[in-house]
Amino acid sequence: MSSQKADHKAELAADTQSIRKEYKRGVKIRFVFPIVMLVLCACSLVVDIMTGPAMLSWNEVLACLFQLGEVPVNTQVVVLGMRLPIALMALVVGCALGSSGAVMQTILVNPLASPYTLGVGAGAAFGASIAIVVGLGSVGTSSLAFLFSMLICLLIYWMGRQRGMAANSMVLSGIALLFLFQALQALVQYGSSETQNQAIVFWSFGSLQKTTWLKLAITATCTLICVPLLLKDSWKYTALLLGDEKAESLGVKVGRVKLRAFLLISLISATAVCFTGTIGFVGLAGPHIARMVVGEDQRSYIVSSAICGMTILSVASIISKVIIPGIIYPIGIITSIIGVPFFFVLVMRQKGGAR
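About the criteria used
- Residues numbered from 1 in each chain as written.
- Predicted model: local features only at pLDDT ≥ 70, side-chain atom pairs only at ≥ 80, totals over all residues.
- Heavy atoms only, no water.
- Helix = DSSP H or I, 4+ residues; strand = E, 2+ residues; numbered from the N terminus.
- Buried < 20%, exposed > 50% of the residue type's maximum accessible area, 1.4 Å probe, protein only.
- Contact = heavy atoms within 4.5 Å.
- Areas by Shrake-Rupley, 256 points an atom, 1.4 Å probe, with all protein chains shown as cover.
- Salt bridge = Lys/Arg side-chain N within 4 Å of Asp/Glu carboxyl O.
- Expected span 1.5 Å × (residues − 1).
- Arc of directions from axis to C-beta.
- Axes fitted to C-alpha atoms, helices over the stretch in contact; angles between N-to-C directions.
- Left-handed = near helix turned anticlockwise from the far one by under 90°.
- Nonpolar A, V, L, I, M, F, W, Y, C, P; charged D, E, K, R; others polar.
- Phe/Tyr/Trp six-rings, centres within 6.5 Å; stacked < 30°, edge-to-face > 60°.
- Parallel < 35°, antiparallel > 145°, perpendicular 65-115°, else oblique.
- Patch = residues over 30% accessible without salt bridge, like charges linked within 9 Å, V, L, I, M, F, W, Y side chains within 5 Å.
- Core = buried A, V, L, I, M, F, W, Y, C linked by side-chain atoms within 4.5 Å.
- pLDDT = per-residue confidence, 0-100.

> What am I meant to see in the overall build of the protein chain here?
Within the protein chain, the secondary structure is distributed over 14 helices and zero strands. When the helices and strands of the protein chain are placed in sequence order, the string is α-α-α-α-α-α-α-α-α-α-α-α-α-α. Taking all 355 residues of the protein chain together, the buried fraction comes to 48%. Sequence-distant contacts in the protein chain: of pairs separated by 6 or more residues, those separated by 24 or more amount to 73%. With an accessible surface of roughly 17,500 Å², the protein chain has 69% of that area assigned to carbon and sulfur atoms.

> Sorry, what's going on with the pattern of salt bridges here?
Pairs can form between side chains of opposite charge once their charged atoms are near each other. By the definition in use, this model includes five salt bridges. For Asp-233, the salt bridge goes to Lys-236, with nearest N and O atoms at 3.8 Å. According to the relative accessible area criterion, Asp-233 is buried, its value standing at 4%. Residue classification places Lys-236 among the partly exposed positions, given a relative accessible area of 29%. Between Glu-296 and Arg-291 there is a salt bridge whose closest N-O contact spans 3.2 Å. Glu-296 sits in the partly exposed class, given a relative accessible area of 27%.

> Looking at this structure, I do not really get helix H7 (residues 194-205). What am I missing?
Note on helix geometry: an α-helix contains 3.6 residues per turn, so any two residues three or four positions apart are oriented the same way. Compared with the 16 Å implied by 1.5 Å per residue over twelve residues, the 17 Å span of H7 between its first and last C-alpha is a close match. Among the residues of H7, those classed as buried are Ile-200, Trp-203 and Ser-204. The arc that holds every buried residue of H7, seen down its axis, measures 100 degrees, which confines them to one face. Projecting away from the buried face of H7 at angles above 90 degrees are the exposed residues Glu-194, Thr-195 and Gln-198.

> Sorry if this is basic, but what is going on with the packing of helix H5 (residues 137-162) against helix H6 (residues 167-190) here?
Two quantities define a packed helix pair, namely the angle between the axes and the distance from one axis to the other. Relative to each other, H5 and H6 sit at 145 degrees, their axes nearing to 9 Å. Every pair of crossing elements has a handedness; the one defined by H5 and H6 is right-handed. Contacts between H5 and H6 involve Phe-148, Leu-151, Ile-152, Leu-155, Ile-156, Tyr-157, Met-159 and Gly-160 from the first element and Met-170, Ser-173, Gly-174, Leu-177 and Phe-181 from the second. Among the residues forming the contact of H5 with H6, the class breakdown is ten nonpolar, three polar and no charged.

> When you look at the packing of aromatic side chains in this model, what are you seeing that I'm missing?
For any pair of aromatic rings, the description rests on two quantities: the centre-to-centre distance and the angle between the ring planes. What the rule picks out here adds up to five aromatic pairs. Between the aromatic rings of Phe-126 and Phe-181, the centroid separation amounts to 5.6 Å while the plane-to-plane angle is 70 degrees, which identifies the pairing as edge-to-face. Taken together, the residues Phe-126 in helix H4 (residues 120-134) and Phe-181 in helix H6 connect sequence positions 55 residues apart. Judged by relative accessible area, Phe-181 falls into the buried class, the value being 6%. Both rings, one in Tyr-157 and one in Phe-262, keep their centres 6.0 Å apart while their planes meet at 40 degrees; by these two values the pair is tilted. With Tyr-157 in helix H5 and Phe-262 in helix H11 (residues 254-276), this pair connects stretches of sequence that are 105 residues apart. Classification of Phe-262 as buried rests on a relative accessible area of 3%.

> Please clarify how the packing of helix H3 (residues 73-107) against helix H8 (residues 213-232) should be interpreted in this entry.
Axis separation between H3 and H8 bottoms out at 9 Å; the angle between their running directions is 25 degrees. Taken as axis vectors, H3 and H8 run roughly parallel relative to one another. Handedness of the crossing formed by H3 with H8: left-handed. Facing Leu-80, Leu-84, Pro-85, Leu-88, Met-89, Val-92, Val-93, Cys-95, Ala-96, Ser-99 and Val-103 of H3, the residues of H8 in contact are Trp-213, Lys-215, Leu-216, Thr-219, Ala-220, Thr-223, Val-227 and Leu-230.

> I tried to follow a nonpolar patch on the surface on my own but got confused; where do I start?
Together, Val-315, Ile-319, Val-322, Ile-323, Ile-324, Ile-327 and Ile-338 line one region of the surface with nonpolar side chains, adding up to about 510 Å² of accessible area. Element by element, the count of residues in the nonpolar patch is highest for helix H13 (residues 298-322), at three residues. On the basis of relative accessible area, Val-322 is assigned to the partly exposed category, the value being 44%.

> Please clarify how the nonpolar core should be interpreted in this entry.
Val-103, Ile-107, Leu-108, Tyr-237 and Ile-279 are the most contacted members of the largest nonpolar core, which has 84 residues in total. No other element matches H3, which puts 15 residues into this core. Apart from the residues lying within four places of it in its own chain, the contact partners of Ile-279 are Val-93, Leu-97, Tyr-116, Gly-206, Leu-208, Leu-313, Ile-331, Gly-332 and Thr-335. Within the second largest apolar cluster, eight residues are counted, among which are Met-37, Ala-290, Ile-307 and Cys-308.

> Sorry if this is basic, but what is going on with the confidence of the model for the protein chain here?
Atom-level detail of predicted coordinates should not be read off regions where pLDDT is low. Summing up the model confidence of the protein chain, the mean pLDDT is 84 and the portion of residues at 70 or higher is 88%. By mean pLDDT, helix H1 (residues 2-50) is the weakest element of the protein chain at 74, and H8 is the strongest at 93.

> Looking at this model, I keep getting lost on the environment of Met-55. Mind explaining?
Mapped onto the secondary structure, Met-55 falls in the loop between H1 and helix H2 (58-66). Linking Met-55 and Pro-325, residues 270 residues apart in sequence, is a C-alpha distance of 9.5 Å. Sequence-distant contacts of Met-55, that is, excluding residues within four places in its chain, are made with Met-50 and Arg-83.

> Even after reading the chapter, I still don't get H6, so can you show me in this structure?
End to end, H6 covers 35 Å across 24 residues, agreeing with the expected 34 Å (1.5 Å per residue, within 8%). By the burial criterion, the buried members of H6 are Ala-167, Ser-169, Met-170, Val-171, Ser-173, Gly-174, Leu-177, Leu-178, Phe-181, Gln-185 and Val-188. Where H6 is buried, its residues meet H4, H5, H7 and H11.

See below:
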């Protein structure tokens, strides 16, 4: 009898030790992964500034960033006036789309949810199309793109409220709005002139090339305000993964948390999209990579998703400039080429509707 108790204690001790090791390993991964991705992000930023029609060396880039007096004026103009704001915009927009995609997937309990797949980009493209046809200029185009992006998000939320905030209803509503606004954009394009149609198509591709320091400042300010507010509710998002009823039993006001999250997601994604055009799959791929590595503890998951989004978009910016020297492809095309195979992998991994 005593030997059986001893064996049971030994097994229990071994199981406890295994759990501790697994926990420590998870903590280490959640700490190391964001650091590694940030290093990759920094390297990608430098390479992004180096690449373009006129290639620069990394010595020239670093000297221009930190020793302005020792760099030729034309190099300073290329780096500081043109390439640096574009490279930084890639990081900021990647952070915005990655973090908003992560929270959207959590509150909708659907790994295929993102600002792009739920129609935010389609709404922005429709608004931009109207502005281009009417002739409202750059400011008007960005403003209407922002307003229609917000309209999409608010419509999805309103439709969700009618169905008790059911995740499936909100996802289906977003997909329906995606097709609706794509059709409306096609209708506007059909009645536009050749020049206007070219401008609409180019805007819809998604591009960072029209970035200015003012647009970067607006997008960065919105992102720096919204992402910490999302992180503030990270524990509540983790509780939502247990289901609304269990989250309520833990003291989480589910309706209020989802409303706040959806408003922040709407603001951050609409601001990013209105200045850059439609950039797809960053909000889908970034969170999924983070989930596979760090798990779904929202404290590390949201941060890792944001950093993954930054890295993906920065690398896509580099690829868009090196495919054919001298030609800069719209970055939205590159992210879609990267994202479509990733989307198929996600679909194939789904088993019986599981998350």
